[in-house]
Amino acid sequence: MKSQTSTTIYWTLLNQDGWHMYLAATTKGLCYVGSQHKPFEELTAWVQNRFPNCHFIRDDEKLEPYVKELTEYLNGQRGCFSIPFDLQGTPFQLAVWEALCQVPYGQIQTYSQIADSINKPSAVRAVGAAIGANPLLITVPCHRVIGKNGSLTGYRGGLEMKTQLLQLEREGSQDERG
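Thresholds applied
- Residues numbered from 1 in each chain as written.
- Predicted model: local features only at pLDDT ≥ 70, side-chain atom pairs only at ≥ 80, totals over all residues.
- Heavy atoms only, no water.
- Pairing = 2+ DSSP bridges.
- Helix = DSSP H or I, 4+ residues; strand = E, 2+ residues; numbered from the N terminus.
- Domains from an automatic or database assignment.
- Contact = heavy atoms within 4.5 Å.
- Buried area = accessible area lost by both parts, 1.4 Å probe.
- Salt bridge = Lys/Arg side-chain N within 4 Å of Asp/Glu carboxyl O.

## So, the pairing of strand E3 (residues 30–33)
The pairing of strand E2 (residues 19–25) with E3 spans three bridges and is classified as antiparallel. Each residue of the ladder has a partner; that of Ala 25, found in E3, is Leu 30. Taking the residues that link successive antiparallel strands as the turn, the E2-E3 hairpin has four residues, and the phi of Gly 29 there is positive, at about 160 degrees.

Okay, here's the thing in structure tokens:
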């Protein structure tokens, strides 16, 4: 199943309702969600860095399930994802990313809380670095992590995108609960 010699990365552009971002997947699952309104070069640089000898193919049909779920999320119709992911990272990064997936829709946590949740309370800076390396914006919800003082902190997609996502979830969780 896993071909070490020749990985294929499929990509598409999600461009709906003011959202414009590139997505990429392997045969195993979604491996990259780009930043809002960033150029194609953001995706190609990421792919060249992580999969230097891959086949890189646009395939809108193959990525339709990913586009569908992300669009549903962005339209406030989905709080969690059922699509498969293909996350590549160190064991520490994978632990952090798994912890991010445990932060409920519409809620936030601090970097310290994420560090505590993986039993590494003194690794707050390393947690921040792992969060910054998250290749799956939105789907691995690093936008739900804020500074200890309540401030919005760095986000690969930019603070404007982070603010939009938190607002979307705030509105969505109020609709569901109230």
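## Brief notes about the domain arrangement of the chain
Assigned domains within the chain: domain 1 (8–75) and domain 2 (91–176). Here the C-alpha centroids of domain 1 and domain 2 sit 21 Å apart. The partner domain 2 presents 14 residues to the 14 residues of domain 1 that form the contact. Both sides together, the interface formed by domain 1 and domain 2 hides about 1200 Å², and carbon and sulfur atoms give 65% of it. Together, Trp 19, Val 33 and Tyr 73 form the three largest contributors to the area buried by domain 1 at its contact with domain 2, with a combined 46%. Connecting domain 1 to domain 2 are one salt bridge. Among the ionic pairs, Glu 42 bridges to Arg 156, the shortest N-O distance being 3.7 Å.

## Things to note about unusual backbone geometry
The backbone of Asp 17 sits at a positive phi, close to 50 degrees, despite the residue not being glycine. Within the element layout of this structure, Asp 17 appears in the loop between strand E1 (8–16) and E2.

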